[in-house]
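# Understanding the architecture of this molecule
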Amino acid sequence: MGIYLSRTMVIILSFCTATVLAYGWMCPLIVVAQPVALYSSNPDAVLFDDTIIVQYKDASLQSANRAQRKAKMNDLGAALLTHRGVTPIRTLPISGIQQFRLRPGQSLHSVILALRNDPDVQHANYNYRVRSLQSPNDPRWTSPGLWGLAKIKMNEAWQVTHDGKNIIVAVIDSGIDYLHGDIEPNMWKDIATGSSNGRDTCGAGSGNPMDTNGHGTMVAGIIGAKGGNGYGSVGINWDIQLLAVRFLCGIHPLLGIPVGSLADAEEAIEYAIEKQADIIVTSWRITPHVAREDIPTLENQVRRTNCQGPLALPVPCKPALLVAAAGNGLFDEPLDSDLVSGKVYPANFPVDNIIPVAATDENDNLWSQSHYGINSVPIAAPGVNIESTTLRTAGDGFSGLDGTSMAAPHVAGCAALLQAQCLRCSGSRLSIPSLKAKILDSANKNIAGLNGYIQQGRRLNCGEALKLAPTCSASDTTPPSPPTNMTVR
């Protein structure tokens with residue numbers, strides 16, 4: 001944990017320096033160790049810990065069988081322990097990834113460079129810290145109301161359907177409060193166990209993805225807070241299968257928002273793939289300034305959500321739509337994701353199944369802290385003063401936040417509802433390229449506050465998207481009753 005702490009100290013020292021200059025405040029004297037040099041010369045990147053993520057060459061694994069891949073990886077890991085002194089602590093056989101711990105005194109940077117020259121190793125990289133994409137929880141941002149649902153024309157969409165229960169949406173985040181009254185009815189159940197709601201991939205991991213922060217629960221509520229039940233809020237899907245994958249298990253020392261590790265995130269993605277998620281939501285990002293070449297294992301894992309690359313699965317791979325928060329501005333980075341220095345990952349990986357989403361306010365203006373990009377961000381959605389479910393222990397279980405974290409689930413929820421209607425009425429799912437195209441083509445375009453920032457000035461319009469879905473038989477198309485407790489501004 002020494003590396004993580006040293007970078008935390010760097011951040012604190014920078015913060016203190018700025019506040020002393022601006023306000024004359026006093027800060028404690030902090031002695032900061034020199035950080036380990038990073039591969040792409042990004043001195044501000046933050047590591048979660050001093051472990052290493054290795055991805056083996058597929059030729060070295062020599063099998064598509066999961067058990068055989070795992071056995072081969074264990075052999076390769078044992079060889080690395082003997083020759084490099086690193087101990088395997090996590091094995092992901094589907095993707096060929098292992099996580100290693102160094103022995104005391106080893107140089108992280110030197111070991112990574114040595115591993116990159118190993119004939120069996122495709123990639124070796126640092127275990128970067130990952131952070132959620134909400135703004136800090138400040139009372140001025142909390143307000144009631146579901147204006148975002150009205151803005152994207154959910155009342156029109158619900159005249160087509162509100163039922164997404166045949167769709168699995170993986171919320172890879174801080175977990176979900178699966179006992180929340182507005183969430184529990186829509187939690188995914190593992191067919192294998194009949195009970196599990198997902199997985200906790202933090203460290204050793206467990207079968208309990210209970211949220212202890214609230215961020216993931218808010219994302220889940222926008223997608224699928226139970227509707228028509230006379231209680232609390234309503235999500236885009238009144239019925240849905242919410243698959244909780246918890247990996248944001250820590251708290252940022254300054255901002256107070258959830259953070260996690262790259263290795264935990266990669267296992268979370270693998271779990272979502274294994275459980276055949278239709279939609280994957282990532283309302284988080286690698287902390288700046290990590291370049292694409294620093295995180296090849298994450299990029300490969302994202303590609304596997306689109307069934308690109310070998311996968312040792314017990315069932316055929318099913319491509320998923322990955323909806324990613326475009327990013328909230330951090331530190332001194334540019335907000336324009338068209339610039340190399342402004343790119344945010346996983347949102348900006350060049351993978352066809354990703355939809356990066358920027359955040360807007362009630363007046364269809366781009367949120368001041370949202371990343372954008374004419375070439376890199378194809379759509380925006382409501383993300384300011386968004387009310388949703390939160391932890392049952394937090395007030396009445398509902399709260400409000402700003403951020404691209406809140407914008408992404410609007411798009412994910414709409415995509416799930418559209419896919420559900422297509423599956424129900426035609427008997428087959430839309431291809432991921434077709435689903436993505438319908439979401440983008442149906443959006444409102446050339447919005448003044450988005451032109452010059454978002455491709456074609458687009459903002460999500462779910463009412464128009466559902467008009468592109470097939471129509472079921474007459475017995476299936478009775479318009480649902482509107483929610484009795486929905487408030488809009």
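Residues numbered from 1 in each chain as written. Predicted model: local features only at pLDDT ≥ 70, side-chain atom pairs only at ≥ 80, totals over all residues. Heavy atoms only, no water.

### Observations concerning the confidence of the model for the chain
The predicted structure's coordinates, where accompanied by low pLDDT, should not be read in detail. When the pLDDT values of the chain are averaged, the result is 85; 84% of them are 70 or greater. Across residues 135-143, where pLDDT falls below 50, the model places 22 contacts with residues more than four positions away in sequence or in other chains. In this model, residues 474-489 is a region of pLDDT below 50 whose contacts with residues beyond four sequence positions or in other chains number 30 contacts. (pLDDT = per-residue confidence, 0-100. Contact = heavy atoms within 4.5 Å.)

### Things to note about the side chain of Thr161
With respect to the helices and strands, the residue Thr161 is situated in the loop between α6 (154-157) and β5 (163-173). Under the relative-accessibility criterion, Thr161 is labelled buried at 6%. Only 3.0 Å separates the side chain of Thr161 from the backbone nitrogen of Asp163, close enough to count as a polar contact. The residues contacting Thr161, other than those within four sequence positions of it, are Leu417, Gln421, Arg424 and Leu466. (Helix = DSSP H or I, 4+ residues; strand = E, 2+ residues; numbered from the N terminus. Buried < 20%, exposed > 50% of the residue type's maximum accessible area, 1.4 Å probe, protein only. Polar contact = N/O pair within 3.5 Å; in protein donor to acceptor, adjacent residues only side chain to side chain.)

### As for the sheet that holds strand β14 (residues 379-382)
Across the sheet, which stays open at both edges, the seven strands sit in the order β6-β7-β5-β10-β12-β13-β14 with parallel pairing between neighbours. The sheet terminates laterally at β6 (198-200) and β14, the two strands that pair on one side only. Ignoring strand direction, the axes of neighbouring strands in this sheet form an average angle of 30°. Inspection of the sheet shows strand β13 (residues 354-360) paired to β14 by four bridges, in the parallel sense. Note on β14: the bridge partner recorded for Ala359 is Ala381. Sheet contacts for helix α10 (residues 404-426): β5, β7 (239-246), β10 (279-282), β12 (321-325), β13 and β14; angle to β5, the most-contacted strand, approximately 150°. (Pairing = 2+ DSSP bridges. Axes fitted to C-alpha atoms, helices over the stretch in contact; angles between N-to-C directions.)

### Focus on the pairing of strand β9 (residues 258-261)
Alternating positions in β9 separate into two faces, Pro258 and Gly260 on one and Val259 and Ser261 on the other, with burial throughout. Judged from the three bridges that link them, strand β4 (residues 121-132) and β9 form a sheet pairing that is antiparallel. Looking across to β9, one finds that Arg129 is bridged to Ser261. The sheet contact formed by strand β8 (residues 250-251) and β9 spans two bridges and is antiparallel. Paired with Ile251 across the two strands is Pro258, which belongs to β9. Remark: six residues form the turn of the hairpin made by β8 and β9, two consecutive strands paired antiparallel; Gly256 in that turn has positive phi of roughly 75°.

### Side note on the packing of aromatic side chains
Under the criterion given, the structure shown has seven aromatic pairs. Ring centres of Tyr372 and Tyr453 lie 5.0 Å apart, and the angle between their planes is 85°; this geometry places the pair in the edge-to-face category. Here the residue Tyr372 occupies a position in the loop between β13 and β14, and Tyr453 occupies one in the loop between α11 (432-441) and α12 (462-466), the gap between them amounting to 81 residues. (Phe/Tyr/Trp six-rings, centres within 6.5 Å; stacked < 30°, edge-to-face > 60°.)

### Topic: the pattern of salt bridges
In the structure shown here, the tally under the stated rule is 20 salt bridges. Of the charged contacts, one joins Arg69 and Asp58 as a salt bridge, the two residues approaching to 3.9 Å between their closest N and O atoms. Here Arg69, found in helix α3 (residues 66-84), pairs with Asp58, found in helix α2 (residues 58-61); they are eleven residues apart in sequence, far enough to count as distant. The class for Asp58 is partly exposed, based on a relative accessible area of 34%. The partner of Asp190 in a salt bridge is Lys275, with the nearest N and O atoms 3.2 Å apart. Taken together, the residues span a long stretch of sequence, with Asp190 in the loop between β5 and β6 and Lys275 in the loop between α8 (262-274) and β10 at a distance of 85 residues. (Salt bridge = Lys/Arg side-chain N within 4 Å of Asp/Glu carboxyl O.)

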